[in-house]
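What the coordinates show
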Amino acid sequence: MARNRKHTRRRPKANPRGVVSVSAGGFGFVQTAEGEFFIPAASLGGAFDGDLVEVAPLRGASRKGQGEGDGDLAGRPAARVLSVIDRAHDTLVGRYEVAEPFGVVVPADPRIPYDVFTMRAESPEVPDGALVRVRIAQFPTRRSAATGFVEEVLADVSEGPAAGIDLIIGRHKLETVFSEGALAEAAAATVDAEGAISEGYRDLRDRFVFTIDPADAKDFDDALSLDFMEETGLWRLGVHIADVSHYVPWNSSVDLDARRRATSVYLADRVIPMLPPALSDDVCSLRPGEVRRTMTADLYLDDAGKLVKYKLYPALICSSARLSYGQADDILIDYKAAIAAGNDLSWRLVELSRLARARDEARALAGGIDFNIPEAKVALAEDGTPLDIILRKKTDATRLVEEAMILANETVASFLEKRRFPCLYRVHEAPAADALGSLVPVFQEFPWFTRSCEQRLVAGDPAAIQEVLAASAGRSEGELVNSLTLRAMKRAVYAPENLGHYGLASETYCHFTSPIRRYPDLVVHRMLRAALTRRPEKFDQEVAALPWIAEHSSDMERVADTAARQSQELKMIEYLQKFVGQSFSAVVSGVASWGLYARLDCTAEGMLPVRALGDEYFVFDAVRYTLTGADSGKTYRLGQRIAVVLKAADPSTTTLEFALAGER
C-alpha cells in the first residue's frame, strides 16, 4: 500500500542571496537571482558594503524622504539582511578617536556605518585623530558593536592634504615599508664596471645614449641610442634597459618584497616603488653621466622602419643626456633647426621620430588599435595642495619612445619563444562579440556610424574599430567613443603561455622594458639572461612559479591602476572645490534612470540627478542610453555636449554634483 505523502514536511524555501551595495546615505541594495532589493539602513543587520548576504522580503518598510510603502521609489521591494554569508572586509581604515577605555575607529568609507571599538590599553601609543588600519575581531550584530585591534598606524593625522592619499593606500593595503633584509641588500649593491666587463658585458660607454621620461621621473629604466651603419645601410636602434636582474636574484629578500608588490604605484602625490630607492632611484636608474649595467637590444631597421635583424646582450652604458618629453617635443617641433644644429642629440631624435611614425603606420595596417584618451594629472604644491589639472596627450616624443619599447618587447618575446624558453607573456585577447554589440545602439545615435561598419565591429574586426575611432575624432563625442570602445576590450594580462596581443596586432609580446617598476619585466630579464648564458641554480623553481606570478602580477596591476586613478580623482575634486557655483561645458558620459553623468574637459566626472533635469518625468532607454522628457520630448544622450553648473564637490565621497546651467 502506497504511503500518503500529503503531509510530508516540505524543505524550507531558500532566501535570495547577493552582494550588498551600501550607499553613503546608509541604505543599500542587493542584486539577487530573484531581482534587486532595497535594504533600509535599519535592516542591514551588521552587513558591510560588498558582503555576500541572505535577505528576506520586508513588509511595511519605508525609505526616509522617499515615501511610504514596500520599497523605494524605483519600485524595488524592501528586504532585510538575515545573515552575512561571506565578509568582504577583514580590516578597515578610519580615524582613531580616544574615548577611554576605548579607542574608537570611525570608518573613512561612508558606506560602512559601523564604528569599531578597540581597547585603548592595547595601543596607547596611537594618537587621537590618527589614520589607522583596524583588524575586525567581532563583526557588529543587532545587539553588539564591532570590536577589533589596531593593526597599523597609516598617518598621525587623518586630516590635511595628504590624508586622502593615505586613506587610499590603506584601503588597498599597499605596502609602504621594505623589509630590513631588502634594504640591506639594496644598500650593498654596486655597479662594479670592471667586474661586469670580466663577466662578459659589452662596453658601450662610448655610444651616444639618452633617456626620455616625464619631467618628474626619478627611476630611468630605459635609454635609447641610434646610429646609421654605413656598411649595411641599416639603422641600429639600441634599447638599453636597466639590468635589475643582476641586483635582484630569485628568492633574495629584495626579490620577495618586489614579488609581493609586483609593481610600483604612481599616486598623485607620491610613488610607492617596487624596489628600495637605493636600487630604483640610484644603482639601477640610468642617470646621465653614470655608468650602469643594462640588458641591451640592438634592433637593426631598414629606412622604412622594418626590423631586419637584432642582437640581445648585457652591456655597460653611460647616458649622455636626460630629456623630458616636453624637451624632446620642442626639438621635434622645430626639426629643421634641430637638424641644422648638427649636435649628437637633435638629428637622432628626428630620425627616431620618422622611424617611429613608419612603425606606427605599419602596426595600424596590421590591425593595431590606438586609443586617444587624454590622461589627467593634478599638479600639486609641496604640501599636497592641488594647483592645476594638466592634460597629457600623445605626442611625437611619447610615440617615439613607445614604438621603440614595443619593438624591443616583441623581439625579446619572439627570441624566447623561438628558443622554446619559458617566458611571462603579455597577452590581450580579442573582445567578446556581446561587449562590442552593446556599443552598436549607442553609436547608431551618431551620424558617422554606418550599417556597413556594424557587422564588422561586432565581429571584432580591428579595421572596423579603427574606422569608428577615426570617424569620431574631433567631435564632441570623440573621447567618449574612445572610452566606451576601450571598456569593451578585454584587459591585457600576464600569462606563461603566448596568446598574442590583439590591441597591438602582435603575435608574440612580453614586458621587458620596465624592470624597475614591473615584476613581470624582471622575470623576463631573468629568462633572457638564462637563455643567453646559463640557467641559474634555482631556475626551475622560478619557472614553476610562473602561473602564480602571472596571476598575482595581473591582480596587483589592477590594484595599482585603481589606486592611482582614485588618487588623481581625489585631488581633482579637491581642486574643483573652489569652482563650486561656476559654469562649465561638459559631455554626457553616462545615462541611467536616476540621471546623467557629465564629464568636464579636465576629465573630472560627476552626477546630474534626474531631478535637476526638470519637473517632468524622464523615460530611460536602457538600449540606446537616452533619457527623454515625457512632456517636452527633450532627449539627453551619450556624447551630447551640455552646459552645467558645479553644485557640490565632496572629497570625502569623491563625488561631484552638477545642475543644468540656466536652471534654478
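For the structure itself, consult the block above.
These notes cover the structure that comes with them. (Residues numbered from 1 in each chain as written. Predicted model: local features only at pLDDT ≥ 70, side-chain atom pairs only at ≥ 80, totals over all residues. Heavy atoms only, no water.)

Turning to unusual backbone geometry, a few remarks are in order. Between glutamate 100 and the following residue, proline 101, the backbone shows a cis peptide bond with an omega angle of 5°. Backbone geometry places lysine 173, a non-glycine residue, at a positive phi of 55°. Following the sequence through the fold, lysine 173 ends up in the loop between helix H1 (163–171) and helix H2 (180–187). With a phi angle near 85°, threonine 603 is a residue other than glycine that sits in the positive phi range. Note that threonine 603 resides in the loop between strand E25 (595–600) and strand E26 (605–609). (Helix = DSSP H or I, 4+ residues; strand = E, 2+ residues; numbered from the N terminus.)

Counting across every chain of the model gives 52 salt bridges. Here arginine 111 makes a salt bridge to aspartate 49, at a shortest N to O gap of 3.4 Å. With a gap of 62 residues between them, arginine 111 in the loop between strand E7 (102–107) and strand E8 (116–119) and aspartate 49 in the loop between strand E3 (35–39) and strand E4 (52–57) connect regions that are remote in the sequence. Of the charged contacts in the structure, one is a salt bridge between arginine 205 and aspartate 203, with a shortest N-O distance of 2.8 Å. The partly exposed category is assigned to aspartate 203, whose relative accessible area is 44%. Each of Asp360, Arg363, Asp396, Arg399 and Glu403 takes part in a single network of salt bridges with overlapping partners. (Salt bridge = Lys/Arg side-chain N within 4 Å of Asp/Glu carboxyl O. Buried < 20%, exposed > 50% of the residue type's maximum accessible area, 1.4 Å probe, protein only.)

Okay, the nonpolar core next. Grouped together as the largest cluster of nonpolar side chains are 84 residues, with contacts concentrated most on Leu224, Leu279 and Leu349. Setting aside residues no more than four positions away along its own chain, leucine 349 makes contact with Phe210, Ile212, Leu323, Ala328, Ile331, Leu332 and Leu400. The next biggest cluster of nonpolar side chains, apart from the first, holds 50 residues, and it includes Met489, Leu596, Val644 and Phe658. (Core = buried A, V, L, I, M, F, W, Y, C linked by side-chain atoms within 4.5 Å. Contact = heavy atoms within 4.5 Å.)

Moving on to the sheet that holds E3. The five strands are arranged E3-E2-E1-E4-E5 in an open sheet whose pairing can be described as antiparallel. Each end of this open sheet is capped by a strand with a single partner; those strands are E3 and strand E5 (79–86). On average, each strand axis in the sheet is tilted by 40° relative to the strand beside it, whichever way the strands run. Where E4 and E5 come together, six bridges link them in antiparallel fashion. Within E5, the position partnered with valine 55 by the bridge is valine 81. (Pairing = 2+ DSSP bridges. Axes fitted to C-alpha atoms, helices over the stretch in contact; angles between N-to-C directions.)

This part takes up the environment of serine 554. Among the secondary structure elements, serine 554 is positioned in helix H18 (residues 546–576). As a C-alpha pair, serine 554 and alanine 262 span 292 residues in sequence and 8.6 Å in three-dimensional space. Dropping the residues within four chain positions of it, serine 554 is found in contact with Val493 and Tyr494. Only 3.0 Å separates the side chain of serine 554 from the backbone nitrogen of tyrosine 494, close enough to count as a polar contact. (Polar contact = N/O pair within 3.5 Å; in protein donor to acceptor, adjacent residues only side chain to side chain.)

Let's shift gears to the side chain of arginine 348. Structurally, arginine 348 can be placed in helix H9 (residues 346–365). Under the relative-accessibility criterion, arginine 348 is labelled buried at 7%. A distance of 2.7 Å separates a polar side-chain atom of arginine 348 from the backbone oxygen of leucine 226. For arginine 348, the contacting residues outside a window of four places in its chain are Phe208, Phe210, Leu226 and Asp227.

Once that is clear, we can look at the side chain of threonine 411. Looking at where threonine 411 falls in the secondary structure, it is placed in helix H10 (residues 396–418). If we ignore the near neighbours within four places in the chain, the residues touching threonine 411 are Leu299, Leu307 and Tyr310.

What follows deals with the environment of arginine 357. Residue position: arginine 357 is located in helix H9. Since its relative accessible area comes to 33%, arginine 357 is described here as partly exposed. Sequence-wise, arginine 357 and arginine 399 are 42 residues apart; in three dimensions their C-alpha atoms are separated by 7.8 Å.

Summarising burial for strand E24 (residues 583–592): seven of the ten residues are buried, a large majority. Bridge analysis of E24 against strand E30 (residues 641–650) gives five bridges, and the strand direction is antiparallel. Bridge assignment links serine 585 to a residue of E30, and that residue is alanine 643. Pairing geometry for E24 and E25, over six bridges, is antiparallel.

Another point: the packing of H1 against H18. Between H1 and H18, the shortest axis-to-axis distance is 10 Å and the interhelical angle comes to 160°. When the axes of H1 and H18 are compared, the pair comes out roughly antiparallel. In this structure, H1 crosses over H18, and the sense of that crossing is right-handed. On H18, the residues touching Gly164, Ile165 and Ile168 of H1 are Ala563, Gln566, Ser567, Leu570 and Lys571. (Parallel < 35°, antiparallel > 145°, perpendicular 65-115°, else oblique. Left-handed = near helix turned anticlockwise from the far one by under 90°.)

Once that is clear, we can look at the sheet that holds E7. Pairing is mixed around the closed barrel formed by five strands, whose spatial order is E6-E7-E8-E10-E9. Strand after strand, the sheet turns through a mean of 50° between neighbouring axes, direction not considered. Pairing of E7 with E8, which is carried by four bridges, proceeds in the antiparallel orientation. Residue valine 104 lies in a different strand from E8, and its bridge partner there is phenylalanine 117. With respect to the sheet, H1 is in contact with strand E6 (91–99), strand E9 (131–138) and strand E10 (146–155), its orientation differing from that of E9 by roughly 35°.

What follows deals with helix H14 (residues 462–472). What H14 keeps buried is the set Ala464, Ile465, Val468, Leu469 and Ser472. Buried residues along H14 cover an arc of 135° about the axis, so they all sit on one side. In this structure, the buried residues of H14 make contact with helix H12 (440–443), helix H13 (451–458) and helix H15 (478–488). Taking the backbone nitrogen of alanine 463 as reference, a side-chain oxygen 3.0 Å away marks aspartate 461 as the first, capping residue of H14. The first or second residue beyond H14 is glycine 474, which carries a positive phi of 85°. (Arc of directions from axis to C-beta.)

Moving on to the environment of threonine 176. For threonine 176, the location among the structural elements is in the loop between H1 and H2. Residue classification places threonine 176 among the partly exposed positions, given a relative accessible area of 43%. When the C-alpha positions of threonine 176 and methionine 274 are compared, they lie 9.4 Å apart, and in sequence the two are 98 residues distant. In this structure threonine 176 touches Ile169, Arg261 and Ile272, once residues within four positions along its chain are discounted.

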